[in-house]
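Structural characterization, general
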Amino acid sequence: MNAERLHVIANAVLEDLTKSSIIELLQQLVSALQNQVNQPQQPQHQQQVASTLQSVYDALSQSSIDDFSPAWKQVLDEIGVNAYLGNQLKINIKNAFERNQITPSVALQEITDIHQNATRVRDALVQMTSSFVELGIGAEELEPGQCELGVVVPRAYVDNNLKNFGKELGRFDSILEVFAELATGSRPGFIVRTISSSDLSVFLDMLPEIGACVAIAVERIVELYKKLLEIRKLRHEMQQNGVPEKELEGVERHANNQMDVGIDELVDDLLERYYSKKDHGRKNELKTALKKACHNIAARVDRGFNIEIRVKPFDHNDEQEGDEEQTPEAETHIQTILDASKHLQFMKLEGEPLLALPEDELNKEEKK
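Residues numbered from 1 in each chain as written. Predicted model: local features only at pLDDT ≥ 70, side-chain atom pairs only at ≥ 80, totals over all residues. Heavy atoms only, no water.

**Regarding the nonpolar core**
Membership of the largest hydrophobic core comes to 63 residues, with the highest contact counts inside it found for Phe179, Leu182, Val214 and Leu270. Of all the secondary structure elements, the ones that give two or more residues to this core are strand 1 (147-152), helix 7 (162-184), strand 3 (201-206), helix 8 (208-226), helix 10 (245-274), helix 11 (280-302), strand 4 (306-311) and helix 12 (328-341). Of all the elements, helix 8 adds the most residues to this core, at twelve residues. Counting residues in hydrophobic clusters, the runner-up holds 40 residues, among them Leu6, Val8, Leu85 and Phe97. (Core = buried A, V, L, I, M, F, W, Y, C linked by side-chain atoms within 4.5 Å. Buried < 20%, exposed > 50% of the residue type's maximum accessible area, 1.4 Å probe, protein only. Helix = DSSP H or I, 4+ residues; strand = E, 2+ residues; numbered from the N terminus.)

**Quick word on the layout of surface pockets**
Of the pockets and cavities examined, the largest pocket occupies roughly 890 Å³. What lines the largest pocket is a set of 26 residues, among which Ala12, Glu15, Ser64, Phe68 and Trp72 lie closest to the centre. Elements with a contribution of two residues or more to the lining of the largest pocket: helix 1 (3-20), strand 4 and helix 12. Among the elements that make up the lining of the largest pocket, the one with the highest residue count is helix 1 (seven residues). Grouping the amino acids of the lining of the largest pocket by side-chain chemistry returns ten nonpolar, eight polar and eight charged. (1 Å grid on protein atoms, 1.4 Å probe; cavity = no way out; pocket = protein on both sides within 12 Å on 5 of 7 lines; lining within 4 Å. Points joined across faces, edges and corners; volume = space filled by probe spheres on them. Nonpolar A, V, L, I, M, F, W, Y, C, P; charged D, E, K, R; others polar.)

**Description of unusual backbone geometry**
Positive phi outside glycine occurs at Asp159, with the angle close to 55 degrees. Relative to the helices and strands, Asp159 is located in the loop between strand 1 and helix 7. When its relative accessible area of 36% is taken as the criterion, Asp159 is described as partly exposed. The residue Asn160 is not glycine, and still its phi comes out positive at about 55 degrees. When you line up the elements, Asn160 lands in the loop between strand 1 and helix 7.

**Points about the pattern of salt bridges**
For the structure on display, the rule yields 21 salt bridges. For Glu140, the salt bridge identified is with Arg5, shortest N-O distance 2.6 Å. One end of the pair, Glu140, is in the loop between helix 6 (104-134) and strand 1; the other, Arg5, is in helix 1, and 135 residues separate them in sequence. In terms of burial, Glu140 and Arg5 fall into one category: buried. The partner of Arg220 in a salt bridge is Asp269, with the nearest N and O atoms 3.1 Å apart. Linking Arg220 in helix 8 with Asp269 in helix 10, this pair joins segments that are 49 residues apart in sequence. Residue classification places Arg220 among the partly exposed positions, given a relative accessible area of 28%. Residues joined by salt bridges that share partners form a network here, namely Arg5, Glu140, Glu148, Arg193, Asp205 and Arg310. (Salt bridge = Lys/Arg side-chain N within 4 Å of Asp/Glu carboxyl O.)

**Some thoughts on the pairing of strand 4**
Burial analysis of strand 4 places six of its six residues in the buried class, which makes it a mostly covered element. Of the two faces of strand 4, both are covered, the one formed by Asn306, Glu308 and Arg310 as well as the one formed by Ile307, Ile309 and Val311.

**Focus on the side chain of Arg235**
Inspection of the secondary structure assignment puts Arg235 in helix 9 (residues 229-240). Here Glu252 takes part through its side chain, which lies 3.0 Å from a polar atom of the side chain of Arg235. Ignoring any residue separated from it by four or fewer positions in sequence, one finds Arg235 in contact with Leu248, Val251, Glu252, Glu352, Pro353 and Leu354. (Polar contact = N/O pair within 3.5 Å; in protein donor to acceptor, adjacent residues only side chain to side chain. Contact = heavy atoms within 4.5 Å.)

**Regarding the packing of aromatic side chains**
Following the criterion strictly, the structure yields two aromatic pairs and no others. Aromatic pair Phe68 and Trp72: ring centres 5.2 Å apart, planes at 85 degrees, arrangement edge-to-face. The residues Phe68 and Trp72 share a single accessibility class, namely buried. For the ring pair Tyr157 and Phe305, a centre distance of 4.9 Å and an interplane angle of 85 degrees mean the geometry is edge-to-face. Of this pair, Tyr157 sits in the loop between strand 1 and helix 7 while Phe305 sits in the loop between helix 11 and strand 4, and the two are 148 residues apart along the sequence. On the accessibility criterion, Tyr157 (13% relative accessible area) is buried. The side chain of Arg5 reaches across the aromatic face of Phe203, ending 3.5 Å from its centre. (Phe/Tyr/Trp six-rings, centres within 6.5 Å; stacked < 30°, edge-to-face > 60°. Lys NZ or Arg CZ within 6 Å of the ring centre and 35° of its normal.)

**Observations concerning the packing of helix 8 against helix 12**
It is the contact of helix 8 with helix 12, at a shortest axis distance of 8 Å, that shows an interaxial angle of 30 degrees. In terms of axis orientation, helix 8 runs roughly parallel to helix 12. For the pair helix 8 and helix 12, the crossing hand works out as left-handed. Each of Pro208, Glu209, Gly211, Ala212, Ala215, Ile216 and Glu219 in helix 8 lies in contact with helix 12, whose residues at this interface are His333, Thr336, Ile337, Asp339 and Ala340. A class-by-class count of the residues in the contact of helix 8 with helix 12 yields six nonpolar, three polar and three charged. (Axes fitted to C-alpha atoms, helices over the stretch in contact; angles between N-to-C directions. Parallel < 35°, antiparallel > 145°, perpendicular 65-115°, else oblique. Left-handed = near helix turned anticlockwise from the far one by under 90°.)

**Re the packing of helix 10 against helix 11**
The geometry of helix 10 relative to helix 11 is characterised by a closest axis approach of 10 Å and an angle of 135 degrees between their N-to-C directions. Judged by the angle between their axes, helix 10 and helix 11 are oblique. Taken as a pair, helix 10 and helix 11 cross one another with a handedness that is right-handed. Seen from helix 10, the contacting residues are Met259, Asp260, Ile263, Asp264, Leu266, Val267, Asp268, Leu270 and Leu271; seen from helix 11, they are Lys283, Lys287, Leu290, Lys291, Cys294, His295 and Ala298.

**Considerations on the pairing of strand 1**
A large share of strand 1 lies buried, amounting to six of its six residues. A two-sided burial pattern is seen for strand 1, the buried positions comprising Cys147, Leu149 and Val151 on one face and Glu148, Gly150 and Val152 on the other. Inspection of the sheet shows strand 1 paired to strand 4 by six bridges, in the antiparallel sense. Across the sheet, the residue bridging to Leu149 is Ile309, located in strand 4. (Pairing = 2+ DSSP bridges.)

Here's what the structure looks like:
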């Protein structure tokens, strides 16, 4: 886990906790429940519990935690704080009340425990970020208008091998260059911001227009793949039950055809949206390359890769005169990334990959 990245995530969580005042609201909820337990015949105490509980739910519904990227959410899961943040906290509180509708004293104990644990999480994050500052460990903050793309490569896919990992990064660079040409008309290359060895991830600087183009593609491919998850699960169950591989070929063929149709529609949409030149010959070449790139992304999603794109919006309360980057086009690209990134998520994959890799992927020797 990268310390600078952990620092920026912790800052974002603390900002959310401060804006939502969730720790304070939980304390109010505990107090209201205590009054109800002490004086159960007083209707005003029940009303106060209901009112405070709704305030808690409203605050958590507006939490920014649930808009975090998949990689950020994975970090929160790894450090064990997910249960006390955002929608997961809301679910846990609801469950506590639903289990104890006629036993407020038990609900009080559960909510008290939740409040204490949430407070400990907040205090631990405060101490951690203070220590980072004291030790001179920065936070991977983005500048307004800056875009970053992250790719998490499963260790098993590259056999935990440095050479294979390097080759995979080269392949992904080729994939992204297609989107760069579509969005900008050129292939400028990408600057590495961070490489993490804990989960073999790389984070790249990216122009917002390229990031928006990639974000649309990845969002659509992930949505297409979600529809195949049940097929993948069923095929796995059939394999477990001894169904011959030949009998399963039809299942795989159906899944690949479904993805092909979706990618064809996606490519047409991307070309219509981003391709502005009048060179029809190059447009056809780019269409072929774009299909190949999208198939490569789909195959990697199928193999456990995760792609995230984050961007920092411009601060409209602090506009700088003459800021050439803050244009209506840039604002549109940023909003596109923000909208798409909400739908990117890690997926629980069961069984073997379902989609075929394009022909130029890992050769047989590399797969050994």
